[in-house]
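One-letter residues, chain by chain:
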Amino acid sequence: MDTREFNEIIAANSSWISALRTEVGKVVIGQQALVDRLILSLLCKGHVLLEGVPGLAKTLSVKAMAGTLHAQFARIQFTPDLLPADLLGTMIYNPEERQFTAKKGPIFANLILADEINRATPKTQSALLEAMQERQVTIGNETFGLPKPFLVLATQNPIEQEGTYPLPEAQVDRFMLKVVIDYPKLEEEKLIIRQNINCLLYTSDAADE
């Protein structure tokens, strides 16, 4: 196979990527570097650590990508009182059958947004290790495979340090990319404002009718 044929095969099998970027771009203004890295991590089956202050469309980007791909999306808010069972699932006793059955947690989705992951305790953070590395979860004595594709996108605020727990090295190694997100450009901010104003006007007109 020569180079030309190889390039044709790549072009034929990657046409959906431009369509995905276009559809996500209809929802997320700017942040194209973020969207490109999310697509790259999806193709490489790697996880992403997103670092940036609130309000930079981290959640919106992941949710828009999940909707475009018709993938199952789950957002998990990490807090100091979050337990591994709240994340992975637990064994529930069924009195009728007199046995324990596994109740799966929100980790069983395609795109997982671990929001403010550094606010959870190291015990809860480490509960993600098996899922991120082996793409499986052990609940009790049973092991369950996670759906495909499976991608963890964790966010952390670089400014607020009080009440946070730095990710251990073993946890950081599970992420393929760390993306530092900055504010959009001036023209992009103007476009965001126009889009929100148009949305409010459309909502107001629809309510009047």
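Refer to the structure above for everything that follows.
Since we're looking at a predicted model, the values are computed, not measured.

Caption draft 1: Inspection of helix α3 (residues 32–44) at higher detail. With 13 residues, α3 ought to run about 18 Å at 1.5 Å a step, and its terminal C-alpha atoms sit 18 Å apart, in line with that. Leu34, Val35, Leu38, Ile39, Ser41 and Leu42 are the residues of α3 that are buried. For α3, the angular spread of buried residues about the axis comes to 160°, placing them on one side. Where α3 terminates, the next one or two residues include lysine 45, which has phi positive at roughly 60°.

Caption draft 2: How the structure looks around unusual backbone geometry. Looking along the chain, the bond that leaves lysine 148 and enters proline 149 is cis, with omega of -5°. The topology assignment puts proline 149 in the loop between β7 (142–145) and β8 (151–156). Here the phi dihedral of glutamate 116 falls at roughly 55°; this positive angle occurs in a residue that is not glycine. Here glutamate 116 shows up in the loop between β5 (111–115) and α6 (122–126).

Caption draft 3: Looking closely at the sheet that holds strand β9 (residues 175–180). Taken in spatial order, the 5 strands of this open sheet run β2-β5-β8-β1-β9, and their pairing is parallel. Only two strands of the sheet have a single partner each, and these edge strands are β2 (73–77) and β9. On average, each strand axis in the sheet is tilted by 20° relative to the strand beside it, whichever way the strands run. As paired strands, strand β1 (residues 47–51) and β9 are joined by 5 bridges and run parallel to one another. When the sheet's bridge partners are listed, leucine 49 is paired in β9 with lysine 178.

What counts, and at which threshold
Residues numbered from 1 in each chain as written. Predicted model: local features only at pLDDT ≥ 70, side-chain atom pairs only at ≥ 80, totals over all residues. Heavy atoms only, no water. Helix = DSSP H or I, 4+ residues; strand = E, 2+ residues; numbered from the N terminus. Expected span 1.5 Å × (residues − 1). Buried < 20%, exposed > 50% of the residue type's maximum accessible area, 1.4 Å probe, protein only. Arc of directions from axis to C-beta. Pairing = 2+ DSSP bridges. Axes fitted to C-alpha atoms, helices over the stretch in contact; angles between N-to-C directions.

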